[in-house]
4 protein chains.
Amino acid sequence: MKKFFEDIQISFEGKDSINPLAFKYYNKDEVILGKKMEDHLRFAVAFWHTMNVQGRDMFGEETMTRPWNSISDPIERAKAKIDGIFEFCEKLSVKFFCFHDRDISPEGATLRETNKNLDIVIDYIKEKYKSSNVRLLWGTANLFNNKRFLHGASTTSNADVFAYSAAQVKKALEVTKELNGQNYVFWGGREGYETLLNTNFKLEQENLARFLHMAVDYAEKIGFKGQFLIEPKPMEPTKHQYDYDAANAYAFLLKNNLQDKFKLNLEVNHATLSGHTFEHEIRYARTNGILGSLDANQGDLFLGWDTDQFPTNAYITTLAMYEVLKGGGINPGGLNFDAKLRRPSIDLEDLFIGHIAGMDTFALGLKAAAKLLEEGLLEKFVEEKYSSFDSGIGKSIVEGKENFDSLEKYIIDKGEIINKSGKQEYLETLVTRAIVKAL
Amino acid sequence: MKKFFEDIQISFEGKDSINPLAFKYYNKDEVILGKKMEDHLRFAVAFWHTMNVQGRDMFGEETMTRPWNSISDPIERAKAKIDGIFEFCEKLSVKFFCFHDRDISPEGATLRETNKNLDIVIDYIKEKYKSSNVRLLWGTANLFNNKRFLHGASTTSNADVFAYSAAQVKKALEVTKELNGQNYVFWGGREGYETLLNTNFKLEQENLARFLHMAVDYAEKIGFKGQFLIEPKPMEPTKHQYDYDAANAYAFLLKNNLQDKFKLNLEVNHATLSGHTFEHEIRYARTNGILGSLDANQGDLFLGWDTDQFPTNAYITTLAMYEVLKGGGINPGGLNFDAKLRRPSIDLEDLFIGHIAGMDTFALGLKAAAKLLEEGLLEKFVEEKYSSFDSGIGKSIVEGKENFDSLEKYIIDKGEIINKSGKQEYLETLVTRAIVKAL
Amino acid sequence: MKKFFEDIQISFEGKDSINPLAFKYYNKDEVILGKKMEDHLRFAVAFWHTMNVQGRDMFGEETMTRPWNSISDPIERAKAKIDGIFEFCEKLSVKFFCFHDRDISPEGATLRETNKNLDIVIDYIKEKYKSSNVRLLWGTANLFNNKRFLHGASTTSNADVFAYSAAQVKKALEVTKELNGQNYVFWGGREGYETLLNTNFKLEQENLARFLHMAVDYAEKIGFKGQFLIEPKPMEPTKHQYDYDAANAYAFLLKNNLQDKFKLNLEVNHATLSGHTFEHEIRYARTNGILGSLDANQGDLFLGWDTDQFPTNAYITTLAMYEVLKGGGINPGGLNFDAKLRRPSIDLEDLFIGHIAGMDTFALGLKAAAKLLEEGLLEKFVEEKYSSFDSGIGKSIVEGKENFDSLEKYIIDKGEIINKSGKQEYLETLVTRAIVKAL
Amino acid sequence: MKKFFEDIQISFEGKDSINPLAFKYYNKDEVILGKKMEDHLRFAVAFWHTMNVQGRDMFGEETMTRPWNSISDPIERAKAKIDGIFEFCEKLSVKFFCFHDRDISPEGATLRETNKNLDIVIDYIKEKYKSSNVRLLWGTANLFNNKRFLHGASTTSNADVFAYSAAQVKKALEVTKELNGQNYVFWGGREGYETLLNTNFKLEQENLARFLHMAVDYAEKIGFKGQFLIEPKPMEPTKHQYDYDAANAYAFLLKNNLQDKFKLNLEVNHATLSGHTFEHEIRYARTNGILGSLDANQGDLFLGWDTDQFPTNAYITTLAMYEVLKGGGINPGGLNFDAKLRRPSIDLEDLFIGHIAGMDTFALGLKAAAKLLEEGLLEKFVEEKYSSFDSGIGKSIVEGKENFDSLEKYIIDKGEIINKSGKQEYLETLVTRAIVKAL
């Protein structure tokens, strides 16, 4: 068993600490609204960003050197990275990790060989389980990196690629089940189009539905009880992806009678690329009963691509956790750090620093959101604003007793209607207040 | 009866003309793919932009002086504007117009008085019908200008405003029916939120559904047979509107079991503000059976608000008409010019020039789209690209005969999968070719 | 003398207060880094947003009713609004206000008449000066609302409009001087173009330079010593404005030898519309010695127009005040609230609440920025990161002693160069830390 | 000498052709406005996109297999690619190519070794020159791919990296001179910042100026007479680049007294990412005398990154060539195809198809622009619109004879000023007309 982070020690030092390698706000056992922080937040480390990414971008090579990559044998390297992710999560006291199938083991010449490689690593993880409490939050299949997916996976124009994708997801479901993964994610990285000019949109949408139904059937067949999640993203890598945003994904699910089988995995940066705030996407999902899990990161609103930065903005995390708390929590989903280090953050310790930054910012957001709920100023304001629907004509409308005729009779001779102020300026100060007073 | 445009004569002069007041490409009786241009395009003039708008923007007063506004009596002015819209449409050989209730007649102290004013003008329009072939494409209610709607109309926090909106739409449906309007549009100008902090999202969504069901019931009650249309727009005037884009509106319809009662009215500039091309929104709608009507304009992709420019870009109109032709036409919907003159285009004749620009650009687009279809190069390319789904495993997938097990068996020992080139660069040249060769 | 806000009492209550009408963080006499808060921040109230704006947007009428607008005589109403702005500033303990010439007095049939109206109001303000400490931070001329400016003011295609603009600015300079205004602002609301197709770009740029030189000459002639400020904005109302951003304005100043006569007035929302963060624009300006004054507001990064919201985001104000403190302060400029209430914030008291929100958020930002500077963690990090330029080859480069030959000799046989980590993730946590620990 | 494209034959077939491998509009010897097409357009092939890029994106591996990459020896492969680029250009009748130093030869362990590799390839190119007319339009240095540049090149925080960059540009200038390159380009790929929090903005700007002065000095020393070009881009790879747009680069040049030594290389997709149309950037540059060369591609305005697509939109090329013709041509610059195939365009022939698409679209744009100029409708309109500056007070303003006093006298008692209509809607139809009638 390899050790890579022996020099690193992480502890909770509290809000006065300036130690980059200490938690300032995240105190996992601290109880907030009757539940431990770690149970509210259910953090997960993303295998790909932590163990695989090394700073490459479209204009430049890797900037980071990771010790596990000095191991030349692919399977040994794969195992070393499993050692690494467990050691990393344990140091951080994070209970979960997430992976794509191809993150953790190398491809072979055929799918059969690829699956064999995967099995070796899965067995190794099962060994790790015996001595560690780190577990799989969700698994998924990488259906976007290999060139075979250049026209999509389940929405490809090539039937063999559809078949390949099906077989790959079959295996990914099996191994997720084997590892007691609590969720399984579908992110349609290449499920979309580059140009409508060469796209049979209808067939692709129908094939996507067929594919998801097959996945549902197969999960049932093997007894996989984890939650199925669709992860919306509007574009990148393709010009336009089918699961553009929460509403788009929901329309697809409803149309294809899949709404009871899937929930959503929402990501900050995907939300913002689609023109929505993160809190909007969560509100939309929880209102429609499809909030499943969250990808914790943040984008740069001045940049038009997925920057996947570690979350450091407390407004985003406060408003997100406010929605999560209002929605009754995120379990069996979690907060997966789909976040990568900035390209110049090249030190090995930066992996810890980035995660600590993110965990602390979400912990701060959780405490601020709890403060908002405890004081109840927002709730009270909203209640009063809508109070006309609690009695009289409003109550009658909500109860379905009115129609256009009756409402016309009610209003036709009334004079000016008086509205209440929305007081957005004041309400916004309450969010800052909650952050400033959270600790 | 007032005449405002007696000096203006419009004719078709053909592609060599540089006369701003002549059609170059739109020849209404010319037959394209077996149908007259005017029946393909079904143009409509928007009452509000043509008769009411005068160049005001957020930073400056009106720049345009319209002769009908020198009439001081409100009802007489309203009638003069009816004269004007009929004269305008006739000069342009446009068969349809569209209006909001408040565009055509003034508000009174109560809704009852407002309705009386409206009735006078509706009677006047019915008189005009006797001597003109110009007809109403669609009616709608203005539920956004008056301050009573500051928190929304059917999604207001004030039950009286909900009632008022219901009564107003009731009347708007009645007059649309009276005028044989072929469609009725719901654009949710204030149906959205400024901030989630003061918004009961769930109640607002439920009330919106209640409202639309009431509208359906009332239309049934009075025997209105026109098509109901939702018009998506992502933002503006509110920070975030509920009918964000086609998919968002479709999700709402499906969830609330309204999908058989409503189709969509799609606008170029609303599409682009929501991050989609116009052709995407049309493709999405026709694939899902909800394409209803189109608002013809264009936005400026460098600006983040609804500029509502007259369409002058032939790529946009070609790709739009290609989708329309593939979808079997737009009837009983049409192409409504939801377009306004640039603020410095202050001459009265500019109203004609703008519409001619738009009609010509759509006529060119129609001819280019027809050329694309006649030559069939795009269709042939797409057919070949997806041919693997016409036989063998692909056919079997499409027929629903496969599952994850069978597909794994099929693919697990296969080697490299060969894909075809997407040839986007070539396909794009075909669009330019169609435009250049359209005439 | 009219009183409009007699029921309103504003005080500092401190960070625990939830009173919307009390300051939580802004304690004007509190000393931060050796200077009183009010001297750091130099707040100003914008006359137009406070006294004139009433909630109108492009899709809806006014929602707010202001008591001063019930006065029917235009000059009496103008005076009442002057009473109002002084009372408002005094209640808030704000020492400055800003205005456009046309905000404060009505236009007449000719410029001579308009100037007479203006003189009456200026005399009235001078009377107010005797009993109040409220003063003019900056004056400016409104060269965008009247329809005569539809093609621009100094960049118009109409020579008479150029002349009019010159005469109007002449008068605006005179009255700003009369009131001891400390600055004079040029915001080119219509100085830009709608389309290049009808624009003589070169002539317009040259005329803009001529105009600014005339202004400089005239200020010298009348002995106006205030600071001249250009206010960049990329678009809106025009499609593309000439003073697009700080760099664009600076290029113009340099080219036309105006760089010593003008500094910049930077606005948060204008910065973000041009693709830059506010802190970028300030850093750019102070690095180039052209930081003059700031417009305090905030935009919505999901919306593409100038929303002019009251600033409530402490990250923006912290990073802005950090730049201001590093730059040695903003005097003789200030922080003008170019911010308007959201359309549903209709209560008269919301004017106070909005300003308190903004002042508190800037006060918090000031304290957080001071904390950052006092602890010096950012400064120390930057110093170390660039330390290679403090000695050896780096020092020699900075001192101008090296050239391509000498540098080639130095490096040509060296092996790998080792870089330091940029540690962005850690540095970002320091900003949150400063906010959380500011109070 | 290797041959890679022996099966490919390219010819001019004219506008009716549907052969993807034939020119439809680009007929190199056809004379337009007295000059051959090829002399107007001066096309260049970008070495990197054509010989090196193979479809990799941030989410997926290479999709394209190029025959030259089967050669294992790095120097032999480099030579083969030189054969390839010459063969490719000759087949297309393109006279120029462009490269970064690292595109054409591999790096060694030290800069000395790297330079040796480069010399071998440069000698090989000089051999090719003897039997080919293909020449170097511009050379440049790749200062962004290698990890040493992670904090920038001349704007790095590491003095050794500054030295390395200097030495690398020194060599790149030498080889560009050796090959009679007509231009040398500075694109600041990493010259910018990821976060202001760790950036010494002032030092970086000063070092950039020092660097460019060194380059000027060295070019003078070695007698390099080619044109120096700055290539603006707003972001990507860095969060914010220093040469954000044309105006930003111009400000920098002016401030550092470099404005006579550098012109600009403007790219379509960089322009649009910075919020400007391509025609704006060209107009700005030619108005200020700094138009140097163009990078021909197009972006997707719905995507926020540099997609570098082959240009297929005739509006963009028409408006660009209109500016180029008005500016007197682009010589000694040219039109470099900084464009890459879409990831699914995997056939070797797609390289030709993409370039033909781009060349044809620019040829069409050239012909349309020439038509616009020949007919002169735009020019005449603009002339009339600004005619008030040709005589009277306008002429006097332009001649510098007026001031605020004289202009006030002129205008103070005048009544309403009458403006002309801007007629944007009509002018836009002229552009479509020129495209439709260009052939």
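Residues numbered from 1 in each chain as written. Chains lettered and ligands numbered in written order. Predicted model: local features only at pLDDT ≥ 70, side-chain atom pairs only at ≥ 80, totals over all residues. Heavy atoms only, no water.

### A few points about the packing of aromatic side chains
Inspection of the entire model under this criterion finds 132 aromatic pairs over all chains. Measuring from ring centre to ring centre gives 6.1 Å for Phe224(B) and Phe228(B), while their planes differ by 35 degrees; the resulting arrangement is tilted. For Phe224(B), a relative accessible area of 8% corresponds to the buried category. Judged by centre distance (6.0 Å) and plane angle (70 degrees), the ring pair of Phe5(C) and Trp68(C) falls under edge-to-face. Of the two residues, Phe5(C) sits in the segment before β1 (11-12) while Trp68(C) sits in the loop between α2 (47-52) and α3 (74-92), which places them 63 residues apart along the sequence. Taken as a pair, Phe5(C) and Trp68(C) share a single burial class, namely buried. What links up through ring pairs into an aromatic cluster is the set Phe4(A), Phe5(A), Trp68(A), Phe88(A) and Phe352(A). (Phe/Tyr/Trp six-rings, centres within 6.5 Å; stacked < 30°, edge-to-face > 60°. Buried < 20%, exposed > 50% of the residue type's maximum accessible area, 1.4 Å probe, protein only. Helix = DSSP H or I, 4+ residues; strand = E, 2+ residues; numbered from the N terminus.)

### Details of the interface of chain B and chain D
The interface of chain B with chain D comprises 49 residues on the first partner and 49 residues on the second. Summing both partners gives a buried area of about 3,900 Å² for chain B against chain D, and 59% of it is carried by carbon and sulfur. Of all residues in chain B, Phe302(B), Glu425(B) and Val436(B) bury the most surface against chain D, accounting for 18% of the area lost on that side. Remark: the boundary between chain B and chain D carries eight salt bridges. Ionic pairing is found between Asp16(D) and Lys437(B), a salt bridge with its closest N-O pair at 2.2 Å. Inspection of the region where chain B meets chain D yields 28 residue pairs in polar contact (both at pLDDT 80 or more). It is helix α16 (residues 424-436) of chain B that contributes the most residues to the side of chain B that touches chain D, nine residues altogether. (Contact = heavy atoms within 4.5 Å. Buried area = accessible area lost by both parts, 1.4 Å probe. Salt bridge = Lys/Arg side-chain N within 4 Å of Asp/Glu carboxyl O. Polar contact = N/O pair within 3.5 Å; in protein donor to acceptor, adjacent residues only side chain to side chain.)

### Here we look at the layout of surface pockets
In this structure, the second largest pocket encloses a volume near 370 Å³. Looking at the lining of the second largest pocket residue by residue, the classes come out as eight nonpolar, eight polar and seven charged. (1 Å grid on protein atoms, 1.4 Å probe; cavity = no way out; pocket = protein on both sides within 12 Å on 5 of 7 lines; lining within 4 Å. Points joined across faces, edges and corners; volume = space filled by probe spheres on them. Nonpolar A, V, L, I, M, F, W, Y, C, P; charged D, E, K, R; others polar.)

### Thoughts on the sheet that holds strand β10 (residues 227-231) of chain D
Residues and elements named next belong to chain D. Sheet architecture is closed into a barrel: eight strands sit in the order β5-β6-β7-β8-β10-β12-β13-β14, paired in parallel fashion. Averaged over neighbouring strand pairs, the angle between their axes works out to 30 degrees when direction is ignored. Pairing between strand β12 (residues 262-267) and strand β13 (residues 291-295): four bridges, direction parallel. Of the residues in β13, the one forming a bridge with Leu264 is Leu291. Sitting on the sheet, helix α3 (residues 74-92) touches β5 (43-46) and β6 (96-100), and the angle it makes with β6 is about 150 degrees. (Pairing = 2+ DSSP bridges. Axes fitted to C-alpha atoms, helices over the stretch in contact; angles between N-to-C directions.)

### Quick word on the relation of the copies chain B and chain D
In screw terms, the move from chain B to chain D is a rotation of 180 degrees and a rise of 0.0 Å along the axis, fitting with an RMSD of 0.0 Å. On this basis, the relationship between the two copies can be described by a two-fold rotation axis. Of every C-alpha in chain B, the one belonging to Val436(B) sits nearest the axis of rotation, 2.5 Å from it. Both copies contact each other with a shared surface, as 100% of the interface residues of chain B are interface residues in chain D too. (Least-squares fit on C-alpha atoms with pLDDT ≥ 70 in both.)

### Let's talk about the interface of chain A and chain B
Each partner contributes residues to the interface: chain A has 97 residues there, and chain B has 97 residues. Summing the contributions of chain A and of chain B, the shared interface buries around 8,800 Å²; its carbon and sulfur component is 62%. Contact with chain B buries area across many residues of chain A, yet Leu197(A), Tyr386(A) and Phe404(A) alone supply 10% of it, more than any other trio. In this structure, Lys414(B) engages Asp160(A) in a salt bridge whose closest nitrogen and oxygen atoms are separated by 3.5 Å. Residue classes in the side of chain A that touches chain B are distributed as 45 nonpolar, 28 polar and 24 charged.

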